[in-house]
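Next come the chains, spelled out residue by residue.
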Amino acid sequence: MRKLIYTACACTFIACGSSQNTVSSNTSTKNDSNIDYAEKYAQTITAKDLGKHLFTYASDEFEGRDTGEPGQKKAVEYLKNFYISEGISSPLGGDNYFQKVPSSYLSNNRRGIKLNDSENVVAFIKGTEKPDEIVVISAHLDHEGVKNGKVYNGADDDGSGTVAILEIAEAFKKAADEGRGPKRSILFLHVTGEEKGLLGSKYYTENPVFPLENTVTDLNIDMIGRIDARHKGNPNYVYLIGSDKLSTELHNLSEEVNKKYTNIDLDYKYNDENDPNRFYYRSDHYNFAKHNIPIIFYFNGTHADYHQPTDTPDRINYELLENRARLVFLTAWEVANRDKRLVVDKAQ
């Protein structure tokens, strides 16, 4: 997450629960089967696989993934190779999974820092019925790099969101391979330069692979692997920001999906327009929201290791990460498979 302030917090460790409520959607089950396919494929997202990815992605080998630097180049190759190995295609064609973001663009930042060329990573599953309508699932791939000889691994920020997308993509691919692909297309978008000012997502929305008017929603994941001090005694939570800003329907759908499947405490503290942290404006979803595209920002809050070299993969709560990632998948599944496109009733 792009940093404005430091907040000192504590963390704890606990697993998550489930619920038996229902969601008012057309897509939780299919045809003449009693199988809930949304739940079936969500179960493929596991703490074990998330951990396997993150202990590589947030390792010292990737040198903190600073924008345009060698460690970040290793990170995007890791993402590309994953999608190739899973048979998940690129919307750019062939083995080109990189949307190049040039140095000239990245260097025009508020800090006045000269940055090298970088890239967003894009992968794609084509919709079966409404392929021109796009559901974007995003996270930023970069972090702070190396400072004073210390690697800032960024396991939570935003390694957690990055590996969640990999598992979500794999779940959608398994569904597609079994003839249950999403009605709408899914774009898996890993953006660069977030820590330098939301630059990669800004570049994407100014140079979209698919027209923004065809983009149904952006579900943005930025830090979902830890627990903040506010929830030390109740860690089964996630902050949701922006879900009701542009689409009442998206907000209600999100609530219903959670009640049916994941039973996470959805905390809207930072959704308050008067919250001084202004988190709504501080991650990549905002560049979509500016274009009246409904968004949800999934966030665990800051903690003592935020933007510190101690943000390492051994400190992640993987059971919690699993349940939060499943919530994003299930929400995306519902948005992608419902009969009608989400209604934007609060356009600004």
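Structural data are supplied above this passage.
Let me sum up the structure you'll find in this document.

Attention now goes to the environment of P131. Inspection of the secondary structure puts P131 in strand β3 (residues 130-140). Spatially, the C-alpha atoms of P131 and E119 are 25 Å apart, while their sequence positions differ by 12 residues. Apart from residues no more than four positions distant in its own chain, P131 is found in contact with K126, K183 and S185.

Once that is clear, we can look at the packing of aromatic side chains. Under the counting rule described, the total for this entry stands at 26 aromatic pairs. Plain terms: the ring middles of Y281 and Y286 are 5.0 Å apart, the flat faces sit at 70° to each other, and that makes the pair edge-to-face. Here the aromatic cluster, defined as three or more aromatic residues joined through ring pairs, consists of Y37, Y41, F82, Y83, Y97, F172, F188, F329 and W333. The aromatic ring of F98 is capped on one face by K80, whose charged end is 5.5 Å from the ring centroid.

Turning our eyes to something else, we now look at the side chain of R338. The topology assignment puts R338 in the segment after α9 (318-337). We classify R338 as buried; its relative accessible area is 14%. For R338, the side chain forms a polar contact with the side chain of E249, separated by 3.0 Å.

Attention now goes to the sheet that holds strand β9 (residues 265-267). Read across the open sheet, the eight strands follow the order β1-β2-β6-β3-β7-β10-β8-β9; overall the sheet is mixed. Each of the sheet's edge strands pairs with one partner strand only, and the pair in question is β1 (98-101) and β9. Adjacent strand axes in the sheet meet at a mean angle of 25°, parallel and antiparallel pairs treated alike. By the bridge criterion, five bridges tie β3 to strand β7 (residues 215-221) in an arrangement that is parallel. Residue pairing across strands places V136 opposite D218, the latter belonging to β7. Those strands touched by α9 are β3, β6 (184-191), β7, β8 (237-241), β9 and β10 (295-299), and its axis lies near 180° from that of β7.

Let us look at the packing of helix α5 (residues 155-177) against α9. Contact geometry of α5 with α9 gives a least axis separation of 10 Å together with a crossing angle of 50°. The pairing of α5 with α9 is recorded here as oblique in orientation. Both α5 and α9 take part in a crossing whose hand is right-handed. Contacts from S160, V163, A164, I168, A171, F172 and A175 in α5 reach L321, A325, V328, F329, A332 and W333 in α9. Classifying every residue of the contact of α5 with α9 by side-chain character gives 12 nonpolar, one polar and no charged.

Among the eight residues that make up β6, eight are buried, leaving the element largely enclosed by the rest of the structure. Pairing of strand β2 (residues 118-125) with β6 involves five bridges; the strand directions are antiparallel. Residue pairing across strands places F124 opposite L187, the latter belonging to β6. Across eight bridges, the pairing between β3 and β6 is parallel. The residue of β6 that forms the bridge with A139 is H190.

Under the criterion given, the structure shown has 17 salt bridges. Between K100 and D117 there is a salt bridge, with its nearest N and O atoms 3.4 Å apart. Of the two residues, K100 sits in strand β1 while D117 sits in the loop between α4 (103-106) and β2, which places them 17 residues apart along the sequence. Salt-bridge contacts for E334 lead to R338; the nearest nitrogen and oxygen are separated by 3.1 Å. Neither E334 nor R338 differs from the other in exposure class; each is buried.

Rules used in this analysis
Every chain's residues receive numbers from 1 upward, in the order its sequence appears when written. Under the rules for a predicted model, residues below a pLDDT of 70 receive no local features and side-chain atom pairs below 80 are neither given nor counted, while totals for whole chains, interfaces and linings still include all residues. Hydrogens and waters are ignored; side-chain quantities use all the structure's heavy atoms. Going along the chain from the N terminus, every DSSP run of H or I of four or more residues is numbered as a helix, and every run of E of two or more is numbered as a strand. Contact definition: two residues touch when any of their heavy atoms are within 4.5 Å. Under the pairing criterion, centres of Phe, Tyr and Trp rings, with the six-membered ring standing for Trp, must be within 6.5 Å; the plane angle then separates stacked pairs below 30 degrees from edge-to-face pairs above 60, leaving the rest tilted. Placement of a charge over a ring requires the Lys NZ or Arg CZ to be within 6 Å of the ring centre, with the centre-to-atom vector within 35 degrees of the ring normal. With a 1.4 Å probe rolled over the protein chains alone, any residue whose accessible area is under 20% of its type maximum counts as buried; one over 50% counts as exposed, and the rest are partly exposed. Throughout this description, a polar contact denotes any pair of N or O atoms lying within 3.5 Å of each other; where both atoms belong to protein, one of them has to be capable of donating a hydrogen while the other can accept it, and for residues adjacent in sequence the pair is counted only when both atoms sit in side chains. In this analysis, strands are considered paired if DSSP registers two or more bridges between them. Helix axes use the C-alpha atoms of the stretch in contact, all axes being lines fitted to C-alpha atoms, and the angles between their N-to-C directions lie in the range 0 to 180 degrees. The cut-offs work like this: below 35 degrees is roughly parallel, past 145 is roughly antiparallel, 65 to 115 is roughly perpendicular, and the gaps in between are oblique. Helix crossings are classified by the rotation of the near helix relative to the far one: an anticlockwise turn of less than a right angle makes the crossing left-handed, while a clockwise turn makes it right-handed. Ten residue types, Ala, Val, Leu, Ile, Met, Phe, Trp, Tyr, Cys and Pro, are classed as nonpolar, four, Asp, Glu, Lys and Arg, as charged, and the remainder, Gly among them, as polar. The rule for a salt bridge is simple: a side-chain nitrogen of Lys or Arg has to be within 4 Å of a carboxyl oxygen of Asp or Glu.

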